[in-house]
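Spelled out, the chains give:
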Amino acid sequence: MLKVENLDKTFHTGAGDVHAVQNVTFNANDGEVVAIIGASGSGKSTLLSLLGLLDAPDRGSIEIDGNQLANLDAAGRTKYRSTQVGFVFQQFNLIPNLSAKENVKLALEFAHWPKEDREARAEAMLEMVGLDAGKADRRPAKLSGGEQQRVAIARAFAAQPQLILADEPTGSLDKSTGQKIISLLREAASQQKATVLVVTHDEKISQQADRRLEIEDGVLKEIA
Amino acid sequence: MNAVRRGIRNAFRNAMRSVGVVVILAVAIALSISMLIARDAVTTKIDTVRASTGNTITVSPKGFFGFQGGGTPLTTTQINGLLNLSNVTAVQESLSEQLKSTQTSLTSPTPVGQLGQQFGGFGGSSSSTGSLGSGSSATTTAFSIPIRVIGTNSPGNAVEGGANGGGTEKLTSGSAFSPTSKADVAIVGGTLATKNTLKVGSTFSAWGTKITVVGIFNAGSTFTDSNVLMPLATVQKLASATNQVTSATVVVNNINNVAGVDKAITKKLGSVADVTSTQATVEAQLAPLNSVKTISTYTLVGSVIGAAIILLLSMLMIVRERRREVGVLKALGAPNRSIITQFISESTTFTIMGAIVGFIAGIAVSSPITSALVSASGGSASSASTSGFVRHLGGSGGFTGGSSGFTPPTGATPGAGAFRFGGLHNTVTQLHTSAGWSTLGFAFIAAIVIAALGSTVAAATIVRIRPAEVLRSE
Ligand SMILES: Nc1ncnc2c1ncn2[C@@H]1O[C@H](COP(=O)(O)OP(=O)(O)OP(=O)(O)O)[C@@H](O)[C@H]1O
Ligand SMILES: [Mg+2]
């Protein structure tokens, strides 16, 4: 259960202040897929970076299962990122000189999973996202975009996080591959009982979500 | 896979760049290693030269020229006073006299030759200058060169330095007289002994007195081996030179005190004596070697700093290039510590590879570089450049490059993996043995320092990368 209240983030730039996230309040349940839509520059990525504790909010609270996260120290934020949250990026962002399986195991290493369980867990995750077993030892450059994004999803879910933050996960893929990735996210969310926030430009993609939120100039509102 | 292993793997990620970085590091490390070896060789040479000549001061009468004499002799009283100076451990005194053929039963082994002919003719035509000639019975054939007698209170190291003493002679038979002896005894040079068929126990006459031979010495030169050594007091008495000394060698307790004692002697004896420390002359000769030492020290430090800067810039470049990747690692929950460890491991891998290649190359080029430096600086220390580096790997292989190359090990040696210098002198060899290990130690420490420096800036950059950057499209 994710509870966000009165989240604010302002960037002070040479050209003046940018209120990227203003007074954002919303809830999301476990296993729920929530789409966040909005124009370019409306604050979608900034909101995700606050929720993923990649950046600190100026004000507001973020609660996961009753734990307050907004005022954790650096070590606490690192621990949260490794265990409670998984990221899926538009550019996949796999580590290029590690194989698919090693990329998944990396997330398990940072989450301090027991060493002896990592191999099996990584293989299970790759199987869940539907990557051919024969491709587990390939490096990202030898995988298609869709396959890379599957590996990224396996990596994001590997350490059993409560929250998955996906920023334009289909933005670099063709339509049908994008659809497959979204259904994969939906399945994984219900199977792993994680909350999934998907930022997207794509109407069709957003319609597959359980709920839709729209952000405009940093202000978030629910779309009925 | 932990951060260290990821770092090592990353070091081979871009083969071209890795080779470039390793080669540049290797060149810098090779340079510093060869400078270190050059420095060691030169330092050893300087120390050897200093140790062999350093701690004595020669005192002779003003205007005195070797065995030719001249000047007013100094007195035993004056010289003995020098013992009271601080840091003086001993004073060796000697009195150099000439035994004319009329004053002795001995015959000089030195052939008269042309020199004798001239002097003989000279002596014969004017008997008033008879010191060189044969006196009243002046005929060319009867002429004989006078024999040099050195009265000394330090038999054992009296002859080699000529009238100034300070040398060493080896007794080939018999024994030396005591430093304070007043007896009518002598140790004669081997050449003179052969010429006059003298043995230990033989006698000869000098200044009308019967002298007993107690020993025969050999100093390795026909000239010195034609001399006679007698107790100082005996020569002073027989040659009517009571209390006279023609030369003294002051032994100083430590090389570093020579200059001070030199001043003190000059002050004490004033203008009657010439005071020369061998050290002053030696220092002048060593000046070029000292400048080689300085150059090599600066080059050594410079190349280590250079290597550190190269690695630092390379790591900075690599971190910048992988900025996004660092952001991803942070987003995945990697602590800064782990990411920094990964990069340090990468830079250490470069450094170790550079150090290995550089160490081998450095040893290979050290001898030519040392010779080049020493000869370019006009130094006379040729032996410093002959110290080839002998590397025992316990196997076959290796190559010989004359005095300046590797000497191949002849099969497996017990000290496998040990480094040893083969030099001309035993002492040099020994000194260089430890230099080999300290060089290796230096390479290791330098490598660590370089890696640490190179990683620090990279680490600072890593800490500053904001993980939120990964969400920004490039
Ligand atoms: N680090 C930053 N410094 C200054 N301004 C920033 C920073 N990050 C974001 N902004 C500004 O905040 C606003 C929101 O940016 P954000 O990246 O969240 O938009 P977005 O909705 O993700 O856009 P897009 O759909 O193009 O990805 C923009 O005006 C952006 O310029
Ligand atoms: Mg964005």
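Up top is the structure these notes are about.
We now turn to the structure provided with this report. (Residues numbered from 1 in each chain as written. Chains lettered and ligands numbered in written order. Predicted model: local features only at pLDDT ≥ 70, side-chain atom pairs only at ≥ 80, totals over all residues. Heavy atoms only, no water.)

### Quick look at the overall build of chain B
Argument step 1. Scanning chain B for helices and strands turns up eleven helices and 14 strands.
Argument step 2. Per-residue burial over chain B gives 47% buried out of 474 residues.
Argument step 3. For chain B, the share of sequence-separated contacts (at least 6 apart) that also reach a separation of at least 24 residues comes to 77%. (Helix = DSSP H or I, 4+ residues; strand = E, 2+ residues; numbered from the N terminus. Buried < 20%, exposed > 50% of the residue type's maximum accessible area, 1.4 Å probe, protein only. Contact = heavy atoms within 4.5 Å.)

### Side note on the overall build of chain A
Argument step 1. When helices and strands are tallied, chain A shows seven helices and ten strands.
Argument step 2. Here chain A holds 224 residues, and 56% of them are scored as buried.

### Section: the sheet that holds strand 5 (residues 67-68) of chain A
All names here are of chain A.
Argument step 1. Here we have four strands laid out as an open sheet, ordered 2-1-4-5, and antiparallel in their pairing. Each end of this open sheet is capped by a strand with a single partner; those strands are strand 2 (16-28) and strand 5.
Argument step 2. Here strand 1 (residues 2-13) runs beside strand 2; their pairing, made up of nine bridges, is antiparallel. Counterpart to Leu 7 in the pairing with strand 2 is Val 24. (Pairing = 2+ DSSP bridges.)

### Examining the nonpolar core
All names here are of chain A.
Argument step 1. Of all hydrophobic cores here, the largest spans 72 residues; its most connected members are Phe 26, Leu 51 and Leu 197.
Argument step 2. When sequence neighbours within four positions are dropped, the list of residues in contact with Phe 26 reads Leu 2, Lys 3, Val 4, Leu 47, Leu 51, Leu 197, Leu 213 and Leu 220.
Argument step 3. Of all hydrophobic cores here, the second largest spans 40 residues; its members include Leu 131, Ala 154, Ala 158 and Ala 188. (Core = buried A, V, L, I, M, F, W, Y, C linked by side-chain atoms within 4.5 Å.)

### As for helix 1 (residues 3-10) of chain B
Because each turn of an α-helix spans 3.6 residues, side chains separated by three or four positions in sequence point in the same direction.
Argument step 1. Buried within helix 1 of chain B are the following residues: Ala 3, Arg 6, Gly 7 and Asn 10 of chain B. Seen along its axis, helix 1 of chain B keeps its buried residues to an arc of 100 degrees; they face one direction. (Arc of directions from axis to C-beta.)

### Things to note about the packing of aromatic side chains
Residues and elements named next belong to chain A.
Argument step 1. The final tally for this structure, using the stated rule, is one aromatic pair over all chains.
Argument step 2. Each ring, one from Phe 87 and one from Phe 89, has its centre 5.8 Å from the other, and the planes form 10 degrees; the classification is stacked.
Argument step 3. On the basis of relative accessibility, which here comes to 3%, the residue Phe 87 falls in the buried class.
Argument step 4. Of the residues examined, Phe 89 reaches a relative accessible area of 3% and is grouped as buried. (Phe/Tyr/Trp six-rings, centres within 6.5 Å; stacked < 30°, edge-to-face > 60°.)

### What about unusual backbone geometry?
Argument step 1. Residues other than glycine seldom take positive phi values, yet His 112 of chain A does so here, at roughly 60 degrees.
Argument step 2. Take His 112 of chain A: it is sitting in the loop between helix 3 (100-110) and helix 4 (115-128).
Argument step 3. Located in the positive-phi region is Asn 243 of chain B, a residue other than glycine, with phi close to 70 degrees.
Argument step 4. Along the chain, Asn 243 of chain B turns up in the loop between helix 6 (232-238) and strand 10 (244-245).
Argument step 5. Judged by its relative accessible area of 29%, Asn 243 of chain B falls in the partly exposed class.

### A closer look at the site of ligand 1
Argument step 1. Near ligand 1, the surroundings consist of 15 residues, among which Ser 40, Gly 41, Lys 44, Ser 45 and Thr 46 of chain A are the closest.
Argument step 2. Per-site note: the chains with residues close to ligand 1 are chains A and B.
Argument step 3. In the model, an oxygen atom of ligand 1 is placed 2.8 Å from a nitrogen or oxygen of the Gly 41 of chain A main chain.
Argument step 4. Ser 45 of chain A places a polar side-chain atom, nitrogen or oxygen, 2.7 Å from an oxygen atom of ligand 1.
Argument step 5. Taken by itself ligand 1 offers 630 Å² of open surface, and the protein chains cover 72% of this.
Argument step 6. At the level of secondary structure, the elements contributing two or more residues to the shell around ligand 1 comprise strand 1, strand 2 and helix 1 (44-51) of chain A.
Argument step 7. When residues of the shell around ligand 1 are assigned to their parent elements, the largest contribution, three residues, is made by helix 1 of chain A.
Argument step 8. Here the shell around ligand 1 is built from residues that sort into four nonpolar, eight polar and three charged. (Near = heavy atom within 4 Å. Polar contact = N/O pair within 3.5 Å; in protein donor to acceptor, adjacent residues only side chain to side chain. Areas by Shrake-Rupley, 256 points an atom, 1.4 Å probe, with all protein chains shown as cover. Nonpolar A, V, L, I, M, F, W, Y, C, P; charged D, E, K, R; others polar.)

### Examining the pattern of salt bridges
Residue and element names in this part refer to chain A.
Argument step 1. This structure, assessed with the given rule, holds 21 salt bridges over all chains.
Argument step 2. Between Arg 59 and Asp 8 there is a salt bridge, with its nearest N and O atoms 3.0 Å apart. Note that Arg 59 is positioned in strand 4 (residues 59-64) and Asp 8 in strand 1, a separation of 51 residues in sequence.
Argument step 3. The class for Asp 8 is buried, based on a relative accessible area of 18%.
Argument step 4. Across the salt bridge formed by Glu 123 and Lys 101, the nearest N and O atoms sit 3.0 Å from each other. Of the two residues, Glu 123 sits in helix 4 while Lys 101 sits in helix 3, which places them 22 residues apart along the sequence.
Argument step 5. The network of salt bridges with common partners includes Lys 101, Lys 105, Glu 119 and Glu 123. (Salt bridge = Lys/Arg side-chain N within 4 Å of Asp/Glu carboxyl O.)

### Here's the deal with the interface of chain A and chain B
Argument step 1. Counting residues at the interface gives 25 residues for chain A and 24 residues for chain B.
Argument step 2. Note on chain A versus chain B: buried area summed over both sides is about 2200 Å², and carbon and sulfur give 59% of it.
Argument step 3. Considering only the surface of chain A that becomes buried against chain B, Leu 54, Asn 97 and Phe 110 of chain A emerge as the three largest contributors, covering 26% of it.
Argument step 4. Here chain A and chain B share three salt bridges between them.
Argument step 5. Residues Glu 109 of chain A and Arg 6 of chain B are paired through a salt bridge, measuring 3.0 Å at the closest nitrogen-oxygen approach.
Argument step 6. Those elements that place two or more of their residues in the side of chain A that touches chain B are helix 1, helix 2 (74-83) and helix 3 of chain A.
Argument step 7. Sorting elements by how many residues they give to the side of chain A that touches chain B places helix 3 of chain A first, with four residues.
Argument step 8. Among the residues forming the side of chain A that touches chain B, the class breakdown is ten nonpolar, eight polar and seven charged. (Buried area = accessible area lost by both parts, 1.4 Å probe.)

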